[in-house]
Amino acid sequence: MKILFLNGPNLNLLGQREPEVYGRTTLADIEAKVRERAKKLGADIDFRQTNLEGELVSWIQEAKGHFDVIVINAAAYTHTSVALRDAIAAVGLPTIEIHLSNVHAREEFRHKSLIAPVCRGQIVGFGVNSYVLAVEASVNVIET
Ligand code: DQA
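Cut-offs and rules
- Residues numbered from 1 in each chain as written.
- Predicted model: local features only at pLDDT ≥ 70, side-chain atom pairs only at ≥ 80, totals over all residues.
- Heavy atoms only, no water.
- Helix = DSSP H or I, 4+ residues; strand = E, 2+ residues; numbered from the N terminus.
- Near = heavy atom within 4 Å.
- Polar contact = N/O pair within 3.5 Å; in protein donor to acceptor, adjacent residues only side chain to side chain.
- Areas by Shrake-Rupley, 256 points an atom, 1.4 Å probe, with all protein chains shown as cover.
- Nonpolar A, V, L, I, M, F, W, Y, C, P; charged D, E, K, R; others polar.
- Axes fitted to C-alpha atoms, helices over the stretch in contact; angles between N-to-C directions.
- Parallel < 35°, antiparallel > 145°, perpendicular 65-115°, else oblique.
- Left-handed = near helix turned anticlockwise from the far one by under 90°.
- Contact = heavy atoms within 4.5 Å.

Novice: I keep staring at unusual backbone geometry and nothing clicks. Help me out?
Specialist: Excluding glycine, residues mostly have negative phi values, and the peptide bonds linking residues are mostly trans. Of note, Asn 10 is a non-glycine position whose phi angle comes to about 75°, a positive value. Secondary-structure assignment places Asn 10 in the loop between β1 (2-7) and α1 (19-22). Phi at Glu 18 takes a positive value of approximately 35°, unusual for a residue other than glycine.

So this is what it looks like as structure tokens:
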């Protein structure tokens, strides 16, 4: 079972970026927690971050045949990217949308996700635990 974790723009700054919203945990710390949970559940993880929309699109396209599930925190591209939505729909792999913060409790422009309709589900608002819960959800998606 192979899970591809994709992280979008500015998530490389976690730990220093708006800590009152996103906490003080770095992306490297999050990756370590994800790997720990995945190991217990017998899943392989690839964990990537980019600030580039096109790179996310390419990674989604290339995932076909190599991964069973995609977990994506598309960050700001969640709210803007038709290209990401089309890539997820085109590839057809089960995809889980995640966010650290509760986007629905924030500014109105964050309430809309362009990728949500082509994802299996969303996990939002649990901080670092959104990522750990996504490992559980991925295993569940594969099993059912
Ligand atoms: C985010 C929420 C987005 O609205 C924002 O642009 C981010 C992070 C989150 O994980 O809470 O960069 O995806």
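Novice: Which parts of the structure should I look at to understand the site of the ligand?
Specialist: Around the ligand, the surrounding shell consists of Arg 17, Tyr 22, Asn 73, Ala 75, Ala 76, His 79, His 99, Leu 100, Ser 101, Val 103, Arg 106 and Arg 110. The separation between an oxygen atom of the ligand and a polar main-chain atom of Ala 76 is 3.2 Å. Expressed as a share of its isolated accessible area of 330 Å², the protein-covered part of the ligand is 99%. Its residues placed into classes, the shell around the ligand shows five nonpolar, four polar and three charged.

Novice: Can you help me understand the packing of helix α2 (residues 27-41) against helix α5 (residues 128-143) in this one?
Specialist: Put simply, α2 and α5 touch, their axes get as near as 9 Å, and they point 30° apart. With respect to α5, the element α2 is oriented roughly parallel. The two elements α2 and α5 meet at a crossing, and its hand is right-handed. Every residue of α5 that contacts α2 at Leu 27, Ile 30, Lys 33, Val 34, Arg 37, Ala 38 and Leu 41 is listed here: Val 128, Tyr 131, Val 132, Val 135, Glu 136 and Val 139. Across the contact of α2 with α5, the residue classes tally to 10 nonpolar, no polar and three charged.

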